[in-house]
Amino acid sequence: GENVEQHPSTLSVQEGDSAVIKCTYSDSASNYFPWYKQELGKRPQLIIDIRSNVGEKKDQRIAVTLNKTAKHFSLHITETQPEDSAVYFCAASKGGSYIPTFGRGTSLIVHP
Amino acid sequence: DSGVTQTPKHLITATGQRVTLRCSPRSGDLSVYWYQQSLDQGLQFLIQYYNGEERAKGNILERFSAQQFPDLHSELNLSSLELGDSALYFCASSPGGVEEKLFFGSGTQLSVL
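Described in the following lines is the structure provided in the data block.

Calculation criteria
- Residues numbered from 1 in each chain as written.
- Chains lettered and ligands numbered in written order.
- Predicted model: local features only at pLDDT ≥ 70, side-chain atom pairs only at ≥ 80, totals over all residues.
- Heavy atoms only, no water.
- Buried < 20%, exposed > 50% of the residue type's maximum accessible area, 1.4 Å probe, protein only.
- Helix = DSSP H or I, 4+ residues; strand = E, 2+ residues; numbered from the N terminus.
- Pairing = 2+ DSSP bridges.
- Salt bridge = Lys/Arg side-chain N within 4 Å of Asp/Glu carboxyl O.
- Polar contact = N/O pair within 3.5 Å; in protein donor to acceptor, adjacent residues only side chain to side chain.
- Contact = heavy atoms within 4.5 Å.

Some remarks on the pairing of strand E1 (residues 4–7) of chain A
Residues and elements named next belong to chain A.
- By the alternation rule, side chains of E1 split into Val4 and Gln6, which are all buried, and Glu5 and His7, of which none is buried.
- Note that E1 and strand E3 (residues 19–25) share 4 bridges and pair antiparallel. What sits directly across from Val4, in E3, is Tyr25.

If you want it as structure tokens, here you go:
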């Protein structure tokens, strides 16, 4: 089955800095890559996603890049703010199977 | 608000007991997923239902079972509870088909004492 590795497990940055979270997947048939943000005590919420026919997608301060050859995708957050502090999960899934496989999560801490 | 409703929000029970967690998906969503999240752990997939039928199973213990009813709400039954079953249980829904975006409920925090 699919295996998703996520790094780092913890990321600490100063407000205003950029943050990058990286994920690798094992199944080359995976074609959908969502990212979820989970604030402390809250539910995971989809913040951005990308499909395999796209190399990059941006939404304001967040962007996701995908390298299909390397089976690697990343979340980029620019100009980080304290409210960006949360656990971020990447996931991968493929057509015909609707179960996303999640990474283990990255705890992002943004210091004011 | 994701539109997914989970009840109860908190549940405290004793070892050996049985509990039922309930989930109402977003209006129109056919697919329901159950996930377990233990302290400092990721999201462990338990089981998925699509339009009343079991579609996929993950790391779900035999002591756990689930079902999806004709009105599409779902219940997760946990029996012979052990201390290690204490966790946050999330339900998520999606439209099904090729739409894989998950909308999570606020979770049920289960504490087994």
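Topic: the pattern of salt bridges
- Here the structure, examined in full by the defined rule, presents 9 salt bridges over all chains.
- Measuring nitrogen to oxygen at the nearest pair gives 2.9 Å for the salt bridge that ties Asp84 of chain A to Arg61 of chain A. Taken as a pair, Asp84 of chain A in the loop between strand E8 (72–77) and strand E9 (86–94) and Arg61 of chain A in the loop between strand E6 (56–59) and strand E7 (62–67) lie far apart in primary sequence, 23 residues in all.
- Across the pair Arg26 of chain B and Asp29 of chain B runs a salt bridge whose closest N-O atoms are separated by 2.7 Å.

Some details on the side chain of Lys37 of chain A
Residues and elements named next belong to chain A.
- Mapped onto the fold, Lys37 is located in strand E4 (residues 32–38).
- A polar side-chain atom of Lys37 sits 3.5 Å from a polar atom in the side chain of Glu39.
- Apart from residues lying up to four places away in sequence, Lys37 is in contact with Arg43, Pro44, Gln45, Ile47, Glu83, Asp84, Ala86, Val87 and Tyr88.

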